[in-house]
Amino acid sequence: MEALQERPLGKLLSAIVGGFLLLSLKGSLRGVYLKGEVPKRPLVLAMNHHSFFDGHLVWLLSRQKRRTASLLVAEENLKAFPVLRLLGALEARRVREALRRLKEGAWVAVFPEGEMRYPGPLGPLKPGAAWLARRAGVPLLPVACRVVLRGFEHPEAFLLVAPPLSPDGDLEGALRGLLQELDETLRRTHPRKTPEGFREILRGRRSLEERVRPLVRLLRP
């Protein structure tokens with residue numbers, strides 16, 4: 001499957017799979033909102049993991065920056081969905097290949113909690129993300145994520161990005177603080193307002209009331 005990636009057929013299939021991911025995001029979420037800057041340089045992206053869409057969102061960030069991103073995932077997930085290899089996904093155990101890709105300029109993305117968790121406080125982190133960054137000599141990029149149902153019909157995704165850390169930086173402290181900041185921001189923001197400082201990077205499915213609002217305005221006397 002990886003050898004296929006560089007062939008014309010592989011590139012076509014990659015584009016098709018990416019199109020399905022984009023349709024999934026647009027059809028399932030009201031929107032994706034980002035605060036912070038994501039550098040284009042090679043890095044290890046470390047994000048909390050609590051929703052079905054987390055892998056989609058990593059892909060979206062890399063697409064926004066026109067970077068190749070390799071998401072490290074559990075082997076059973078790749079066996080169930082082998083087409084994800086066409087988008088760069090790797091079994092978590094394949095650290096040598098991850099290092100090779102980092103040294104070639106790609107991103108490697110990791111869910112350092114090691115599993116999908118209930119959307120509460122950050123869980124304990126495994127050392128893999130920091131180890132990869134240290135061995136490859138690239139920074140760590142902490143990203144906090146929440147996919148939440150607020151004041152609209154469909155959930156919204158919020159991504160809060162911290163400045164890059166050195167490989168020996170306190171990833172757990174940075175990511176924990178970032179997630180707390182994101183949760184507090186969402187708590188104090190009206191459910192129908194975009195939190196201050198966030199910008200929409202993907203417009204998704206509007207609520208029924210939003211879709212019929214123009215018609216209602218036309219029918220008003």
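Before reading on, note that the structure itself is shown above.
Residues numbered from 1 in each chain as written. Predicted model: local features only at pLDDT ≥ 70, side-chain atom pairs only at ≥ 80, totals over all residues. Heavy atoms only, no water.

### What to know about the packing of helix H4 (residues 95-103) against helix H5 (residues 128-136)
- In contact at an axis separation of 10 Å, H4 and H5 are set at 50° when each is read in the N-to-C sense. As far as their axial angle goes, H5 and H4 are oblique. Between H4 and H5 lies a crossing whose hand is right-handed. Seen from H4, the contacting residues are Val95, Ala98, Leu99, Leu102 and Lys103; seen from H5, they are Trp131, Leu132, Arg135 and Ala136. (Axes fitted to C-alpha atoms, helices over the stretch in contact; angles between N-to-C directions. Helix = DSSP H or I, 4+ residues; strand = E, 2+ residues; numbered from the N terminus. Parallel < 35°, antiparallel > 145°, perpendicular 65-115°, else oblique. Left-handed = near helix turned anticlockwise from the far one by under 90°. Contact = heavy atoms within 4.5 Å.)

### Quick notes on the packing of aromatic side chains
- Applying the stated criterion across every chain, the model contains three aromatic pairs.
- Plain terms: the ring middles of Phe52 and Phe53 are 5.1 Å apart, the flat faces sit at 85° to each other, and that makes the pair edge-to-face.
- Ring centres of Phe158 and Phe198 lie 5.9 Å apart, and the angle between their planes is 85°; on these two criteria the pair is classed as edge-to-face. Linking Phe158 in strand S7 (residues 156-161) with Phe198 in the loop between helix H6 (171-188) and strand S8 (199-203), this pair joins segments that are 40 residues apart in sequence. Each member of the pair, Phe158 as well as Phe198, is classed as buried. (Phe/Tyr/Trp six-rings, centres within 6.5 Å; stacked < 30°, edge-to-face > 60°. Buried < 20%, exposed > 50% of the residue type's maximum accessible area, 1.4 Å probe, protein only.)

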